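So the chains spell out like this:
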Amino acid sequence: MKMTTYYRDPDVWITSTGVRMHGRDLRLEELLQVWHTRGRRSWSTIAGRGVTGLAILTPLAVGLLAVLVALVIDASTATTIALAGGGVLVGLATAPLADVLLERVDRSYDRGSRVREIWARTAAGDVLLLSTPDAARFGRIYRALQRALEPATRR
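None of these values were measured; they are calculated from a predicted model.

Each value, and the rule that gives it
- Residues numbered from 1 in each chain as written.
- Predicted model: local features only at pLDDT ≥ 70, side-chain atom pairs only at ≥ 80, totals over all residues.
- Heavy atoms only, no water.
- Pairing = 2+ DSSP bridges.
- Helix = DSSP H or I, 4+ residues; strand = E, 2+ residues; numbered from the N terminus.
- Axes fitted to C-alpha atoms, helices over the stretch in contact; angles between N-to-C directions.
- Expected span 1.5 Å × (residues − 1).
- Bend = angle between axes of the 7 residues up to and from the residue.
- Buried < 20%, exposed > 50% of the residue type's maximum accessible area, 1.4 Å probe, protein only.
- Core = buried A, V, L, I, M, F, W, Y, C linked by side-chain atoms within 4.5 Å.
- Contact = heavy atoms within 4.5 Å.

> Just give me the short version of the sheet that holds strand β3 (residues 18-21), but keep the residues and values in it.
Reading across from one edge, β1-β2-β3-β4 is the order of the four strands in this open sheet, with antiparallel pairing throughout. The open sheet has two free edges, formed respectively by β1 (5-8) and β4 (24-27), since each of these has just one partner strand. When strand polarity is set aside, the average angle formed by the axes of neighbouring strands in this sheet is 10°. As defined by bridge partners, β3 adjoins β4 across four bridges and the pair is classed as antiparallel. Of the residues in β4, the one forming a bridge with G18 is R27.

Okay, structure coming up:
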């Protein structure tokens, strides 16, 4: 019978015959039941996303304020143009910053805001197979484990 690899990284290896997670080797036949749990939400991760959002909005607000001040105050034409132009430039300068910060927010959502765990019940008892805050990695590993455990693939 040919062995199929469903997932592999430095810490996890899932094949059609067994599982290796963090140095622990288990044959698929030993896994009586497999389930996953989610830990508590990390409020520091969520706060970090909020701070990133503020970092994007602050230069825009400053630029808009400069344009509004330029239009409201009774100043010379040169001062009004300078304030309005400066406000527009500050607003435009936000675009490259926003791109970088939005990419950071995207990565934050990929990683997730909770610790996720994969557990297995064996004849010896319940075993923690994996604990990770990386939601994307967790999903890839759990799907690979489900594929390996499907009856059609275990023939």
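> Explain helix α1 (residues 43-72) residue by residue, including any values.
Along an α-helix, residues three or four apart share an orientation, since each turn contains 3.6 residues. In a regular helix each residue adds 1.5 Å, so 30 residues correspond to 44 Å; α1 covers 41 Å between its end C-alpha atoms and thus fits that length. Taken as a whole, α1 carries its principal kink of about 25° at L57; the proline P59 stands between one and four residues after it. Within α1 the residues assigned to the buried category are R49, T52, I56, P59, G63, A66 and A70.

> Can you break down the nonpolar core residue by residue, with the values?
Grouped together as the largest cluster of nonpolar side chains are 20 residues, with contacts concentrated most on I14, M21, I118, L129, I141 and L145. At the level of secondary structure, the elements contributing two or more residues to this core comprise β1, β2 (12-15), β3, β6 (114-122), β7 (125-132) and α3 (135-149). Ranked by residues supplied to this core, first place goes to α3 with six residues. The residues contacting L145, other than those within four sequence positions of it, are I14, V19, M21, L31, V34, I118 and L129.

> Pulling in residues and values, what's your account of the sheet that holds strand β5 (residues 33-41)?
Overall, antiparallel pairing links the three strands, which are arranged β5-β6-β7 in an open sheet. The strands lining the two open edges of the sheet, one partner per strand, are β5 and β7. Neighbouring strand axes in the sheet, compared pairwise and without regard to direction, differ in orientation by 25° on average. Bridge count for β5 against β6 is seven bridges, and the pairing is antiparallel. When the sheet's bridge partners are listed, Q33 is paired in β6 with R121. Lying over the sheet, α3 contacts β5, β6 and β7, oriented at roughly 20° with respect to β6.

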